[in-house]
Amino acid sequence: MPLHSTSRAETTVRRLYDALSTGDTSLVDEALAADWEAVPGLRTPGSAGWKASIAHLRGVFTDLTVTIEDVVVSGDLVAVRAVSRGIHTGELLGVPGTGRTVEFRASDFHRLAGGRIVRTWHLEDYFSIAAQLGLKFSL
C-alpha cells in the first residue's frame, strides 16, 4: 500500500487551485456545490464569484501559479496550505503593476458534502502582498 494516496475529497479540492493556476474555470463547476459559500464572502456569491476572482487575479498577476504545500483531510473537512506566485502587472490594492514577482500564502478550510465543496474559509497573507507591492505601514 502506498504511503500516500489521494482521497476523492482532496482531488475535488485540488480542482479549485488548478483552476486558479491554469485559468480553466470549468474545473470550478466540478468542485463547487451550487450553493457554495466563501468566508469571507466574495463580491459575487457562488461559483460565479470564484470565477470572477480567478479572472481578476490572473489579470493582476502574469504567469500566476499556485503550489499546494500541504493538504489534510479529516472527514468532510479538507485543509490546504498554498503559495501563489506571479508577476504583478495589474492594479492591486491601489498599486499599479510593478513588474515585481510577488509570492503570497493562503490557508483554506473546505467543507464538502455530496462530493462537492459547500463552504470555504479563506485566510490570505494580505500584509505580505502589500509589503511586496511597496506599501508602507506604521503600527
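Provided above is the structure to which this section pertains.
Residues numbered from 1 in each chain as written. Predicted model: local features only at pLDDT ≥ 70, side-chain atom pairs only at ≥ 80, totals over all residues. Heavy atoms only, no water.

A.B. asks: Would you take a moment to explain the nonpolar core for this structure?
C.D. replies: Here is a general trend for soluble globular proteins: nonpolar side chains tend to be buried in one another's company. Counting 31 residues, the largest nonpolar core has Tyr17, Trp50, Phe61 and Ile117 as its most contacted members. Elements with a minimum of two residues in this core: helix H1 (8-22), helix H2 (26-31), strand E1 (32-39), helix H3 (46-60), strand E2 (61-74), strand E3 (77-88) and strand E4 (101-113). Element by element, the count of residues in this core is highest for H1, at 6 residues. Apart from the residues within four sequence positions on either side, Tyr17 is in contact with Val66, Ile68, Val80, Ala82, Asp108 and His110. (Core = buried A, V, L, I, M, F, W, Y, C linked by side-chain atoms within 4.5 Å. Buried < 20%, exposed > 50% of the residue type's maximum accessible area, 1.4 Å probe, protein only. Helix = DSSP H or I, 4+ residues; strand = E, 2+ residues; numbered from the N terminus. Contact = heavy atoms within 4.5 Å.)

A.B. asks: Looking at this model, I keep getting lost on the sheet that holds E2. Mind explaining?
C.D. replies: The strands that make up a sheet pair up through hydrogen bonds in the backbone, lying either parallel or antiparallel. Read across the open sheet, the 5 strands follow the order E1-E5-E4-E3-E2; overall the sheet is mixed. What marks the edges here is a single partner per strand, and that holds for E1 and E2. Shown here is a sheet whose adjacent strand axes are inclined to one another by a mean of 25 degrees, direction ignored. Along the sheet face, H1 touches E1, E2, E3, E4 and strand E5 (116-124) and points at about 165 degrees away from the line of E2. Lying over the sheet, H3 contacts E1, E2 and E3, oriented at roughly 135 degrees with respect to E2. (Pairing = 2+ DSSP bridges. Axes fitted to C-alpha atoms, helices over the stretch in contact; angles between N-to-C directions.)

A.B. asks: How should I be thinking about the side chain of Ser21 in this particular structure?
C.D. replies: Take Ser21: it is sitting in helix H1. Of note is the side chain of Ser21, whose polar atom sits 3.2 Å from the backbone nitrogen of Val66. Discounting residues that sit within four places of it in the chain, Ser21 has contacts with Arg58, Leu64, Thr65 and Val66. (Polar contact = N/O pair within 3.5 Å; in protein donor to acceptor, adjacent residues only side chain to side chain.)

A.B. asks: Help me understand the packing of aromatic side chains in this model?
C.D. replies: Centre-to-centre distance and the angle between the planes together describe a pair of aromatic rings. Here the structure, examined in full by the defined rule, presents 1 aromatic pair. When the ring of Phe61 is compared with that of Phe104, the centres are 5.2 Å apart and the planes differ by 35 degrees; the resulting orientation is tilted. Taken together, the positions of Phe61 in strand E2 and Phe104 in strand E4 put the pair 43 residues apart, joining distant regions of the chain. For the pair Phe61 and Phe104, one class covers both residues: buried. (Phe/Tyr/Trp six-rings, centres within 6.5 Å; stacked < 30°, edge-to-face > 60°.)

A.B. asks: What is the right way to read H3 from this model?
C.D. replies: Each turn of an α-helix holds 3.6 residues, which means side chains three or four residues apart point in the same direction. Across its 15 residues, H3 extends 21 Å between first and last C-alpha, which sits within 8% of the 21 Å expected from 1.5 Å per residue. On its buried face, H3 is in contact with H1, H2, E1, E2 and E3. (Expected span 1.5 Å × (residues − 1).)

A.B. asks: Teacher, can you tell me more about the environment of Asp63 here?
C.D. replies: Its location among the elements puts Asp63 in strand E2. Looking at Asp63, the relative accessible area reads 58%, which means it is exposed. A sequence separation of 60 residues divides Asp63 from Leu123, and the C-alpha atoms of the two residues are 22 Å apart.

In short, the description is geometric, and any link to function would need to be established separately.
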